[in-house]
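One-letter residues, chain by chain:
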Amino acid sequence: MAKYLAISFLLFFSLLGFKVNSQNIEFEKENFPDKKNELKEIKTQILEGDKYYDMGTGYYKNALDVYKKVYAFNPSNALLNYKIAKCYLNSYEKTKAIYHLNKTLKLDSNIISDIYLLLGQAYQYKSEWDSAVTSYNRYLKKISPLELAAKKAETEKRIEECKYGKEITKNPTKVFVDNLGNEINSEYADYGVVINADESVLMFTSRRQTCTGGKIDPRLNVYYEDIFICKNENGKLSKPDNPGEPLNTMFNDATVGLSVDGQKLLIYKIDND
């Protein structure tokens, strides 16, 4: 009997320990009695991170840099994990959001209504189709009727995308991707490649420092878009050239595609913000 009693106490305290480890820890003095000075600095950093976070997606990188420091001090705060996950979802490291979203759910599953929507997106980016669909369906079941009316069509579309993704990845095709070099694939965002019919010219859009005017788009916190052109010279692409005005302006100018006859470049252009 004593043996069973000891096992029961051990199981109780093990479960209690698990519960404590899963608690949402707020940034309050009573939770950090021996780190009051550090906590004061951390609260200042939270305000700085939140300032960037509230400025929108273009500033999530700045927010994430700050939130990482806060996370090192207290990794068990649900709202912090949620915000870190959202920042990752708007970065080049989208799948890192999965860990922080699942951690948020363990700490406080009711913190924000769209958490399962974000988790579904993160799983979808990682091509974990079944997990994504499960998360999307949980989101649809948990949200209010008003939110359901606004988000149902979009979420169901994402579910269909996952089902299609699962189907087409059953039989993968082997492809080879050649890197065109650092001058074309720069540290900045490079996209929207257009190649003419005889492959003598390659055009693409980039948000790099050498854009016309060299100014930052305040909405996205990155350089304005410009169109860059490379010529195919004996099978080798030339360095990207920014032809400047009138093709490129002080604001966004981007490649869209070629006309049916291949003689005209279709572009997106905005004269002012």
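Small disclaimer: the values here were computed from a predicted structure and weren't measured.

Moving on, we get to the nonpolar core. In this structure, Phe-27 and Leu-101 are the most contacted members of the largest nonpolar core, which totals 42 residues. If we ignore the near neighbours within four places in the chain, the residues touching Leu-101 are Tyr-82, Ala-85, Ile-115, Leu-118, Leu-119 and Ala-122. In terms of nonpolar packing, the next biggest core, distinct from the first, is built from five residues, Ile-184, Leu-202, Phe-204 and Cys-230 among them.

We now examine the pattern of salt bridges. For the structure on display, the rule yields 15 salt bridges. Lys-83 is the partner of Asp-50 in a salt bridge, and the nearest nitrogen-oxygen pair spans 3.0 Å. Here Asp-50 is found in helix α2 (residues 36-54), whereas its partner Lys-83 is found in helix α4 (residues 78-89), with 33 residues between them in sequence. You'll find Asp-50 and Lys-83 in the same group, each marked buried. Between Lys-239 and Glu-183 there is a salt bridge; the shortest N-O distance is 3.9 Å. Residue Lys-239 is located in the loop between β6 (236-237) and β7 (253-258), and its partner Glu-183 is located in the loop between α8 (145-168) and β1 (190-195); the two are separated by 56 residues in the primary sequence. One salt-bridge network, in which partners are shared between bridges, spans Lys-151, Glu-154 and Arg-158.

Let us now look at α2. Three or four residues apart is the spacing at which side chains of an α-helix point the same way, because the helix has 3.6 residues per turn. The end-to-end C-alpha distance of α2 is 27 Å, a good match for the 27 Å that 19 residues give at a rise of 1.5 Å each. If you follow the buried residues of α2, they end up packed against α3 (60-73) and α4. Of the residues trailing α2, Gly-56 is marked for its positive phi of about 110 degrees.

Okay, the side chain of Thr-249 next. Position of Thr-249 relative to the elements: it lies in the loop between β6 and β7. The exposure class assigned to Thr-249 is buried, which follows from its relative accessible area of 15%. A distance of 3.2 Å separates a polar atom in the side chain of Thr-249 from the backbone nitrogen of Phe-251. Residues in contact with Thr-249, not counting those within four places in the same chain, are Thr-212, Asp-226, Lys-269 and Ile-270.

Procedures and definitions
- Residues numbered from 1 in each chain as written.
- Predicted model: local features only at pLDDT ≥ 70, side-chain atom pairs only at ≥ 80, totals over all residues.
- Heavy atoms only, no water.
- Core = buried A, V, L, I, M, F, W, Y, C linked by side-chain atoms within 4.5 Å.
- Buried < 20%, exposed > 50% of the residue type's maximum accessible area, 1.4 Å probe, protein only.
- Contact = heavy atoms within 4.5 Å.
- Salt bridge = Lys/Arg side-chain N within 4 Å of Asp/Glu carboxyl O.
- Helix = DSSP H or I, 4+ residues; strand = E, 2+ residues; numbered from the N terminus.
- Expected span 1.5 Å × (residues − 1).
- Polar contact = N/O pair within 3.5 Å; in protein donor to acceptor, adjacent residues only side chain to side chain.

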